[in-house]
Structures are given as C-alpha cells and as structure tokens.
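So the chains spell out like this:
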Amino acid sequence: MSKEKTSFVYVTYIRSTPEKVFEAITKPEIARRYWGHENVSDWKPGSTWEHVRANEQRTVQLVGKVIEVAPPTRLVITWADPSQAADPASTSRVTFDVAAYEEMVRLTVTHDELEAGSGMAKGIQQGWPIVLSSLKSLLETGHGIDVFAKPKAASSGSRS
C-alpha cells in the first residue's frame, strides 16, 4: 500500500535577475552565504547533487539527482536523506521556477512527492521559508540571515 503524499509550495519575490537567482541556487560559493550549505553538482540531467554543510566536517545532509535543468528559469531535483536515498518511496522532488516579474523575479519552489506526516515533510515546511528569506536578503542586501536561528522563548528569556 502506498503512503499518502503531500506537497509544499513557497513563492517569493526578489529584486534581482533570473540569472542571479539561478546562480544562487546552483553555485556552492553563493549558496553557502545564505543557506549554510553548498549545493554541489555539475547540474546536468541524470547527475547527482549533494547538499553539503559549509563547515569543517563537510557533512552531506541531502542527496539527489538532477532531473531537469533550464537555466535561468527552471531546475528540478530529487531530494533525500543520504541514509534513505536508495528507497524511492523516501525520495521527494524540488522544482525551482524562476520567472522575470517586472523589475523583480518570482521564485516558486515546489517540494512535492513528500510522505505526508514524515519528518522530512515537517522539516521542509520550517526550512524553506527561512532559507528562501535568506536568499532574498542576500540578493537584495548582500547579507543572508541566520538560517540556524532558533525561536526565542516567549516569557522566560532563556534559550533552548
């Protein structure tokens, strides 16, 4: 019996060009500045990609395959935890659609084929908004935001 699937869609508008947005997603040296990770691949259909933590350990936190590449408007990749990459049921898909929109770019990220209720589905619902906000900040101001920031406690003032 197949498990129920869900999807997550996030749209943001960025004062930038499609070329700069596409580069920010695919060039490791730019991605590390807003994501804290590098997306490493040759970006050819069928190639692998790795999401590598930008620190001394260089931990590979996500893996996948490049499905479709049409710079600077579209990138489609599969997405999986490295420990589950061999299981097609544990693999989801991310589509980056980059469109010129007057003096801006409309970036639509669609993360689908997710197992409903899974840890991955919950994680990306929190992760994509902060990562894409950081991407927007980097391209508009030259500075990303802290994607590893944690919510502050409401009343106690202590950090968890």
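Anything mentioned here points back to the structure above.
Residues numbered from 1 in each chain as written. Predicted model: local features only at pLDDT ≥ 70, side-chain atom pairs only at ≥ 80, totals over all residues. Heavy atoms only, no water.

Draft legend 1. Structural detail: the pattern of salt bridges. The full count for this structure, using the stated rule, is seven salt bridges. Among the ionic pairs, Glu38 bridges to Arg58, the shortest N-O distance being 2.9 Å. Of this pair, Glu38 sits in strand β2 (residues 37-40) while Arg58 sits in the loop between β3 (48-53) and β4 (60-70), placing them 20 residues apart in sequence. A relative accessible area of 8% places Glu38 in the buried class. Looking at Arg58, the relative accessible area reads 36%, which means it is partly exposed. (Salt bridge = Lys/Arg side-chain N within 4 Å of Asp/Glu carboxyl O. Helix = DSSP H or I, 4+ residues; strand = E, 2+ residues; numbered from the N terminus. Buried < 20%, exposed > 50% of the residue type's maximum accessible area, 1.4 Å probe, protein only.)

Draft legend 2. Quick look at the side chain of His111. Among the structural elements, His111 can be located in strand β7 (residues 104-115). At a separation of 2.9 Å, a polar atom in the side chain of His111 contacts the side chain of Trp128. In contact with His111, other than residues within four places in its own chain, are Thr6, Ser7, Phe8, Trp79, Ser92, Arg93, Val94, Ile124 and Trp128. (Polar contact = N/O pair within 3.5 Å; in protein donor to acceptor, adjacent residues only side chain to side chain. Contact = heavy atoms within 4.5 Å.)

Draft legend 3. Structural context of the packing of helix α1 (residues 18-26) against helix α2 (residues 28-35). Between α1 and α2, whose axes approach to 6 Å, the crossing angle comes to 85 degrees. One way to sum up the angle between α1 and α2 is to call them roughly perpendicular. Here Glu23, Ala24, Ile25 and Thr26 of α1 lie close against α2, whose contacting residues are Pro28, Ile30, Ala31 and Tyr34. (Axes fitted to C-alpha atoms, helices over the stretch in contact; angles between N-to-C directions. Parallel < 35°, antiparallel > 145°, perpendicular 65-115°, else oblique.)

Draft legend 4. Quick look at unusual backbone geometry. Residue Pro72 follows Pro71 across a cis peptide bond; omega there is 0 degrees. By secondary structure assignment, the location of Pro72 is in the loop between β4 and β5 (74-79). Of note, Arg58 is a non-glycine position whose phi angle comes to about 55 degrees, a positive value. Although it is not a glycine, Glu113 sits at a positive phi angle of roughly 60 degrees. Considering the arrangement of structural elements, one finds Glu113 in strand β7.

Draft legend 5. Quick peek at the pairing of β5. Taking burial as the measure, the six residues of β5 include five buried ones, the bulk of the element. Bridge analysis of β4 against β5 gives four bridges, and the strand direction is antiparallel. Each bridged residue has a counterpart across the sheet, and for Glu68 the counterpart in β5 is Val76. If you look at the hairpin formed by β4 and β5, you'll find three residues sitting between the two strands. Note that β5 and strand β6 (residues 92-101) share six bridges and pair antiparallel. Note on β6: the bridge partner recorded for Trp79 is Ser92. (Pairing = 2+ DSSP bridges.)

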